There are 2 protein chains.
Amino acid sequence: MLKKVLLCGLGGAVALTVGILLGHFGIKQGSTSPECVQDVDESVIAQFLAEVDNNQIQENLRQLTKVPHMATTAGDEETVKYMLKRWQDPDSGLDDAWREEYMVFLSFPDEKTPNRVSVVSPNGTAIFTVSEKEKPYTPDQEDPAVVQPYAAYSPAGNAKGKLVYANYGTMEDYTLLSKTVNLNNTIAIVKYGGAGRQAKAINGALFGVIGVLVYTEPKDINDNKMSDSSQTYPHSWYLPPTGVERGSYSSDFGDLLTPYLAAKEDTYRIPESDIKGIPPIPTQPIGFLDAYSLICELDGSPAPETWQGAFNCTYNFGGPGFKATSSFASSDVQMDIYNKGELRNSSNVMGVIRGSVEPDRYIIYGNHRDSWVHGAIDPSSGTAVMLEITRVLGKMVKAGRWKPRRSIIFGSWGAEEFGLIGSTEYAEEYYSKLRARTVAYINVDISVFGNATLQAQASPAAQSLVLTAAKQVKIPNKDSSVYDNWIQYSNRTSPTHGIIPNVGFLTGAGSDYAAFMHFLGITSMDISHAYDRSKTNARTYPAYHTAYDTFDYASKYIDPGFTSHQTVARTAGNVLLRLSDSLLLPFNSTDYAESLEQYLNTALKNFGSTLAQKKISVEPLSNAVAKFRAATNRLNELILNSNFKKESPLKARSINDQLMLLERAFLDPQAFPDKYGYRFDTISLLLQ
Amino acid sequence: MLKKVLLCGLGGAVALTVGILLGHFGIKQGSTSPECVQDVDESVIAQFLAEVDNNQIQENLRQLTKVPHMATTAGDEETVKYMLKRWQDPDSGLDDAWREEYMVFLSFPDEKTPNRVSVVSPNGTAIFTVSEKEKPYTPDQEDPAVVQPYAAYSPAGNAKGKLVYANYGTMEDYTLLSKTVNLNNTIAIVKYGGAGRQAKAINGALFGVIGVLVYTEPKDINDNKMSDSSQTYPHSWYLPPTGVERGSYSSDFGDLLTPYLAAKEDTYRIPESDIKGIPPIPTQPIGFLDAYSLICELDGSPAPETWQGAFNCTYNFGGPGFKATSSFASSDVQMDIYNKGELRNSSNVMGVIRGSVEPDRYIIYGNHRDSWVHGAIDPSSGTAVMLEITRVLGKMVKAGRWKPRRSIIFGSWGAEEFGLIGSTEYAEEYYSKLRARTVAYINVDISVFGNATLQAQASPAAQSLVLTAAKQVKIPNKDSSVYDNWIQYSNRTSPTHGIIPNVGFLTGAGSDYAAFMHFLGITSMDISHAYDRSKTNARTYPAYHTAYDTFDYASKYIDPGFTSHQTVARTAGNVLLRLSDSLLLPFNSTDYAESLEQYLNTALKNFGSTLAQKKISVEPLSNAVAKFRAATNRLNELILNSNFKKESPLKARSINDQLMLLERAFLDPQAFPDKYGYRFDTISLLLQ
């Protein structure tokens with residue numbers, strides 16, 4: 001027994017006296033060093049929850065949204081400096097903070113020659129022109145730094161042709177349309193939604209389409225509301241008629257010229273002409289006011305019922321072109337697009353609180369910093385929450401009241417809007433180190449879509465952690481927990497746990513978790529607050545990627561009082577503290593097994609008979625899932641039979657390594673060579 | 001201070017008494033638990049070195065070479081059982097031992113219809129036929145299980161054409177030859193060496209060659225000796241005239257039907273027709289007696305001086321075909337090859353000694369078990385050494401005298417001769433686990449090529465470890481060390497260490513280290529004993545892959561007394577013990593930095609001016625090497641400033657993780673998509 005007494009702790013000379021030993025072991029048999037067995041301290045969590053302040057979040061948001069801060073612009077640089085100032089604050093900052101730059105390929109409209117879309121009569125006169133800017137309702141929209149709506153990575157070019165209406169621009173839509181209309185040399189107008197932005201142009205080009213206009217259908221975003229005199233912002237959260245969703249029109253994430261490599265100054269770049277997955281034809285987004293003027297004039301057969309929208313007219317396919325009775329009769333639509341690609345320096349701002357026991361284990365918490373315009377909700381609602389978390393933790397660190405067991409890294413990513421670029425370049429630059437050491441990635445991008453309920457997507461391993469945190473956070477001014485509220489809005493029946501809030505799968509690439517989850521194989525989570533989907537059909541919050549996503553909009557119509565922001569900060573911060581401080585990582589491998597069993601059952605239900613017909617056996621797959629389940633059971637038994645506070649710290653470390661690397665085991669760099677980024681993540685891709 | 005006392009050790013209730021504590025700390029202030037701070041015990045190493053017995057190795061070899069044990073044959077199964085018996089022995093076995101099977105694609109001649117090569121006169125009569133078997137000198141060669149010499153993975157087929165002589169069958173050789181002779185529809189005879197086996201046929205086919213004969217040139221293997229009445233085995237180590245080198249004629253390693261996946265029964269297999277890198281035309285190896293009969297009859301211009309060999313005739317290109325004055329005049333060479341591909345179950349035999357402190361860290365020691373015939377040297381000399389190491393360690397384990405700090409895994413790989421198959425499938429099956437946990441791989445295949453000196457190839461990180469072990473092992477019956485002897489045969493000047501034995505780079509795929517080093521990125525070593533290269537020009541030991549590689553041959557001409565085997569067992573075992581027991585891993589990162597600097601200087605010397613002309617800057621590469629050097633310096637400083645026996649075991653673990661993963665950091669799964677296996681190892685491929 002005696003031989004099991006060991007000196008512990010990092011550094012420090014050891015001067016033992018028998019007296020102290022007696023005292024110590026007299027008080028607490030089997031006692032242990034805090035440096036080695038530090039575990040989650042519930043009083044630290046309680047203190048954290050108590051100190052998270054909605055007013056501070058509101059002030060953060062006000063600071064972050066003073067000016068538009070599109071990636072690499074002067075406004076973006078202001079936010080870089082603001083983040084650094086906050087994270088370097090002597091009283092509430094982090095252990096260290098710095099910026100990291102990448103030289104990345106972005107796409108912008110030409111300030112001097114704005115993109116232009118018009119209806120041109122046969123004699124060459126422009127008889128109608130699409131709004132170049134969004135109508136101002138507050139001074140925000142008049143800021144000269146508001147970028148003209150455009151489709152990033154659409155090529156420059158001039159296209160003139162008859163207009164057709166192609167629904168969402170999916171392959172099925174164009175196929176159906178092409179049965180009635182010859183699409184050669186046409187311009188297609190399509191709705192956002194139903195397919196990736198870039199897909200609408202890539203698909204169209206296959207049918208001979210030479211230009212694409214993309215608009216936001218009021219049925220899909222505004223619950224059919226269209227009038228700015230009473231119905232839309234500034235009267236509500238709904239999108240005004242001239243509002244235009246900007247966006248990146250690229251399929252892949254990360255810098256497009258340096259796939260799989262960090263975009264440093266001396267990195268090899270592929271030629272621009274080798275970029276894949278972007279529109280091959282000019283593409284431009286427009287508002288629904290302009291779309292109304294175009295679509296309601298279209299000739300041709302009526303489009304199917306499912307293609308119809310909120311406008312008070314029948315949506316026709318197009319002759320191609322306009323009705324003979326229309327003032328646009330015989331006219332073409334002319335697109336003049338002047339976008340240009342540019343290499344720009346984009347910054348990530350990084351901050352760290354060093355771990356005291358396992359500094360070589362990382363919990364990463366991140367959000368992008370760049371917006372399309374003021375970006376109050378996307379992304380600043382998330383950044384405002386991150387800054388409140390770092391303020392509360394920073395104060396504890398600076399006051400010497402707390403140190404995490406593991407290191408916490410905060411990332412304020414650049415150029416996310418152009419394709420998750422900052423986070424992906426970071427993942428590519430530190431590929432080996434991050435894979436070897438990162439326990440988890442927490443993403444809080446848009447923190448609040450609405451006031452109704454918490455929502456989360458996560459790796460199955462982290463489901464129980466998110467639910468534990470949600471149980472512990474109270475709804476402001478109510479007695480019930482975030483968990484109790486959540487389960488009423490969205491739940492599922494788990495074979496193991498019964499009815500629980502529905503934590504979604506993290507299968508897409510909608511925000512900066514993509515490179516961490518799919519490329520590095522790190523257990524990841526995406527946490528936010530949602531609106532009530534039973535009360536609106538809005539695809540997302542209506543001001544998304546428009547000039548109306550401002551502090552005024554956020555504070556009036558998304559989260560008045562900022563209590564939902566506070567809830568997200570408390571929940572995500574709770575998750576963060578449990579990950580950084582728990583002696584044993586709070587991951588549940590049997591939940592992963594349950595998810596695999598679910599996937600398998602779904603696959604069998606959907607494809608079982610087809611596979612059987614083709615004599616393809618699913619037995620190997622079933623066996624693999626069963627073996628995984630058995631392995632998780634053994635791991636759980638090992639954990640249950642351990643007493644980590646009394647055993648060697650190496651035992652917890654070894655089990656934690658297993659838990660940390662669980663997600664990594666699903667990576668296969670050989671899989672799916674045609675799927676950029678995802679090729680590493682077999683699980684996520686198989687689920688898509 | 002007090003708080004730094006921690007209970008340690010895996011499992012076990014803790015019952016402390018003040019008395020024991022007093023006694024313990026009274027004796028040794030700052031004392032620590034053996035479970036947590038177990039370090040290399042030099043007395044264990046000394047004991048190990050003392051117990052390694054040359055006679056035991058000799059007996060191992062005798063057992064292993066009783067019958068031919070080509071992969072998946074009955075003889076192979078006997079060796080499987082023998083390994084299991086030894087490793088499951090209650091007095092000298094391991095903690096556990098088992099077999100693991102893979103269903104792999106092998107290639108064999110047809111027992112009922114042997115391959116046949118003959119000279120056929122214009123009237124269709126065979127006027128000369130190449131020996132089907134090797135001439136017996138001992139009963140070994142008469143064993144019915146001796147496989148007919150063949151080129152594994154050569155296609156079956158019949159080819160008839162005029163003979164030409166194409167030197168080593170490189171692209172340069174065929175190019176030169178084709179300037180004089182029209183190679184369409186010819187049969188080429190080429191020598192072993194100068195290019196991969198399969199390359200000789202792949203290259204030839206590009207020039208219209210329809211069949212390839214490969215022979216062992218006496219100048220390259222026998223120091224020109226050719227007479228079996230006095231010069232060759234059984235009179236010496238030289239190859240008898242009918243000896244034929246068998247071999248795998250494939251470019252890639254691992255099972256050819258399941259690239260990157262473990263070849264389990266239900267694994268997806270590519271169609272045989274999709275296999276790349278094997279001969280497209282019939283190919284057959286022959287002995288130099290038969291080669292002499294063919295080459296000395298060739299017509300045409302004399303081949304260049306560098307193409308000439310040991311035969312007492314001028315080596316001509318071929319007319320194509322034979323001289324008009326020859327009895328073969330106007331005759332063709334006819335090849336009738338009946339090889340067939342088969343799916344066979346091949347076994348790895350695995351054994352393990354579980355680690356007592358860090359069971360989740362692995363040291364892997366391996367060698368293949370399969371041979372072409374009796375395989376006394378290749379591979380049984382290595383297996384005999386491995387069995388002696390496991391006997392000595394097993395005895396210590398079973399007697400409770402020793403437990404390694406980390407786990408030791410022994411692998412007796414199957415089907416190496418067909419392309420490193422058993423080890424590669426193992427690496428593919430346990431890809432994630434092995435990458436996460438394996439500290440090092442030690443390969444001892446052919447343990448003794450000759451009696452002169454130890455030799456080693458290793459990752460630069462392991463150079464110092466191999467040299468440390470070599471310093472500690474004495475040459476049997478001499479006062480000097482293996483190190484002192486080695487440095488006389490092969491040395492280099494290191495900027496850091498001065499003159500040291502030359503440890504080679506592990507860049508090739510000559511044995512089972514390939515999947516560990518290049519695919520998994522594990523620090524690897526290959527250790528053996530060599531002949532004196534100043535005394536012979538032999539490409540390798542002359543009986544390599546022939547029916548003469550027997551116990552009789554090994555014990556008479558390679559290592560009489562088995563003292564070189566003993567030296568290898570002692571050195572490799574010493575390396576193994578240091579890896580498994582050292583508190584801090586015995587890897588040297590600055591030696592890696594030195595190697596990178598060496599590579600860079602060589603690259604600059606060879607390509608610097610060409611690159612400068614093309615305005616390609618080497619600055620980013622130089623900067624990367626300098627940054628690596630700086631990082632290794634920082635790591636070394638951290639190590640020097642640590643006192644691992646007094647600090648938390650987590651500190652050593654974290655630095656060990658860095659040392660373990662150092663090699664992995666050079667992997668890039670995106671690199672070199674056309675290089676199977678190697679695509680993961682940028683360093684090795686850049687060195688080739």
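This one's a predicted model, so the numbers in the text were calculated from it and none came from an experiment.

Undergrad: Tell me about the pairing of strand β10 (residues 283–286) of chain A, and please be specific about residues and values.
TA: The side chains of a regular strand alternate, residue by residue, between the two faces of the sheet. All names here are of chain A. Judged by which residues are buried, β10 turns out to be covered on both faces: T283 and P285 on one side and Q284 and I286 on the other are all buried. Looking at chain direction, strand β8 (residues 211–215) and β10 are connected through 4 bridges and run parallel. Within the sheet, the bridge partner assigned to V214 lies in β10 and is P285.

Undergrad: Give a description of helix α5 (residues 74–87) of chain A that names residues and reports values.
TA: Residues and elements named next belong to chain A. Spanning 14 residues, α5 covers 20 Å between terminal C-alpha atoms, matching the ideal 20 Å at 1.5 Å per step. Turning to α5, its buried residues are G75, D76, T79, V80, Y82, M83, L84, R86 and W87. Lining the buried residues of α5 we find α4 (54–64), β2 (96–108), β12 (340–353), α10 (376–398) and β14 (406–413).

Undergrad: Which residues make up the sheet that holds strand β16 (residues 453–458) of chain B, and what are the values?
TA: As a general point, the strands of a sheet are linked pairwise by backbone hydrogen bonds and lie either parallel or antiparallel. All names here are of chain B. One open sheet accounts for 7 strands, arranged β2-β12-β14-β13-β15-β19-β16; its pairing is mixed. Two strands bound the open sheet, and with one partner strand each, they are β2 (96–108) and β16. Averaged over all neighbouring strand pairs, the angle between strand axes comes to 20°, with direction disregarded. Note that strand β15 (residues 438–443) and strand β19 (residues 524–530) share 3 bridges and pair parallel. Pairing of N443 across the sheet is with D526, part of β19. Together, β2, β12 (340–353) and β14 (406–413) form the strand contacts of helix α5 (residues 74–87), whose direction differs from that of β12 by roughly 10°. This element, helix α10 (residues 380–398), spans β12, β13 (358–368) and β14 of the sheet and lies at about 150° to β13.

Undergrad: Give me the state of the cysteines: which residues, what numbers.
TA: Residue and element names in this part refer to chain B. Under the counting rule described, the total for this entry stands at 2 disulfides over all chains. The disulfide partner of C296 is C313, and the gap between their sulfur atoms is 2.0 Å. Between C296 and C313 the sulfur-sulfur dihedral comes to about -75°; the bridge is accordingly left-handed. Taken as a pair, C296 in the loop between α9 (288–295) and β11 (332–337) and C313 in the loop between α9 and β11 lie far apart in primary sequence, 17 residues in all.

Undergrad: Could you give me a rundown of the nonpolar core, with the residues and numbers involved?
TA: Across soluble globular proteins, you tend to see nonpolar side chains buried next to one another. Ranked by size, the top nonpolar core spans 148 residues in total, and within it B:F410 and B:M525 carry the most contacts. Core analysis: the second largest hydrophobic core is formed by 104 residues, A:I57, A:Y82, A:F562 and A:I639 among them.

Undergrad: Which residues make up the UniProt feature "domain: Peptidase M28" (unreviewed entry) in chain A, and what values go with them?
TA: The sites that carry the UniProt feature "domain: Peptidase M28" (unreviewed entry) are, in the present numbering, residues 348–555 of chain A. Between the end C-alpha atoms of residues 348–555 of chain A the distance is 27 Å, and the span holds 33% helix and 25% strand.

Undergrad: Talk me through empty space enclosed by the protein; I want residue IDs and the actual numbers.
TA: Residue and element names in this part refer to chain B. Summed over all chains, the structure comprises 9 cavities of 30 Å³ or more. For the largest cavity, the calculated volume is near 100 Å³. As for the largest cavity, its lining consists of 17 residues, of which V130, S131, E132, Q284 and P285 are closest to the centre. The set of elements that each furnish at least two residues to the lining of the largest cavity consists of β3 (116–120) and β10 (283–286).

Undergrad: Explain the confidence of the model for chain A to me, using residue names and the numbers behind them.
TA: Counting all residues, the mean pLDDT for chain A is 92, and 92% of those residues have values of 70 or more. Note on residues 1–32 of chain A: pLDDT is under 50 here. Beyond four places in sequence and across chains, it has 101 contacts.

Undergrad: An account of unusual backbone geometry is requested, with residue identities and associated values reported.
TA: Residue and element names in this part refer to chain B. Following Y233, the chain continues to P234 via a peptide bond in cis, the omega torsion being 10°. Tracing the sequence through the fold places P234 in the loop between α8 (218–221) and β9 (247–248). In this structure, P320 follows G319 across a cis peptide bond, with omega equal to 10°. Non-glycine residue A415 carries a positive phi angle of around 55°.

Undergrad: Any chance you could break down the packing of helix α13 (residues 463–472) of chain B against helix α14 (residues 482–489) of chain B for me, citing the residues and the numbers?
TA: Residues and elements named next belong to chain B. The N-to-C vectors of α13 and α14 enclose an angle of 115°; their axes lie 6 Å apart at closest approach. Contacts between α13 and α14 pair V466, L467, A470 and K471 from the former with V482, Y483 and W486 from the latter. For the contact of α13 with α14, the class distribution of residues is 6 nonpolar, no polar and 1 charged.

Undergrad: Any details on the sheet that holds β12(A)? Residues and values, ideally.
TA: All names here are of chain A. Reading across the sheet, the 7 strands line up as β2-β12-β14-β13-β15-β19-β16 and stay open at both edges, with mixed pairing between neighbours. The outermost strands of the open sheet, each flanked by one partner alone, are β2 and β16 (453–458). The mean angle between the axes of side-by-side strands here comes to 20°, regardless of whether they run parallel or antiparallel. Looking at chain direction, β16 and strand β19 (residues 524–530) are connected through 6 bridges and run antiparallel.

Undergrad: Tell me about the side chain of A:S371, and name the residues and values.
TA: All names here are of chain A. By the secondary structure assignment, S371 is in the loop between β13 (358–368) and α10. Looking at S371, the relative accessible area reads 0%, which means it is buried. A polar contact is formed between the side chain of S371 and the backbone oxygen of V373, at a distance of 2.5 Å. The contact partners of S371, leaving out residues within four places of it in the chain, are H69, M70, A71, D378, P379 and E417.

Undergrad: Give me the environment of B:G300: which residues, what numbers.
TA: Residues and elements named next belong to chain B. Note that G300 resides in the loop between α9 and β11. With 136 residues separating them along the chain, G300 and V164 place their C-alpha atoms 8.9 Å apart. Those residues in contact with G300, other than ones at most four positions away along the chain, are N316, G318 and G319.

Undergrad: I'd like a description of the packing of aromatic side chains, backed by residues and values.
TA: All names here are of chain A. Tallied over the entire structure, the rule returns 76 aromatic pairs over all chains. A centroid spacing of 6.2 Å and a plane angle of 20° characterise the contact between F551 and F562, whose relative ring orientation is stacked. With a gap of 11 residues between them, F551 in helix α16 (residues 551–558) and F562 in the loop between α16 and α17 (563–581) connect regions that are remote in the sequence. Of the two residues, F551 and F562, both sit in the buried class.

Reading the values: rules and limits
- Residues numbered from 1 in each chain as written.
- Chains lettered and ligands numbered in written order.
- Predicted model: local features only at pLDDT ≥ 70, side-chain atom pairs only at ≥ 80, totals over all residues.
- Heavy atoms only, no water.
- Buried < 20%, exposed > 50% of the residue type's maximum accessible area, 1.4 Å probe, protein only.
- Helix = DSSP H or I, 4+ residues; strand = E, 2+ residues; numbered from the N terminus.
- Pairing = 2+ DSSP bridges.
- Expected span 1.5 Å × (residues − 1).
- Contact = heavy atoms within 4.5 Å.
- Axes fitted to C-alpha atoms, helices over the stretch in contact; angles between N-to-C directions.
- Disulfide = S-S within 2.5 Å.
- Core = buried A, V, L, I, M, F, W, Y, C linked by side-chain atoms within 4.5 Å.
- UniProt positions renumbered as here; feature names shortened; annotations may be inferred.
- 1 Å grid on protein atoms, 1.4 Å probe; cavity = no way out; pocket = protein on both sides within 12 Å on 5 of 7 lines; lining within 4 Å.
- Points joined across faces, edges and corners; volume = space filled by probe spheres on them.
- pLDDT = per-residue confidence, 0-100.
- Nonpolar A, V, L, I, M, F, W, Y, C, P; charged D, E, K, R; others polar.
- Polar contact = N/O pair within 3.5 Å; in protein donor to acceptor, adjacent residues only side chain to side chain.
- Phe/Tyr/Trp six-rings, centres within 6.5 Å; stacked < 30°, edge-to-face > 60°.

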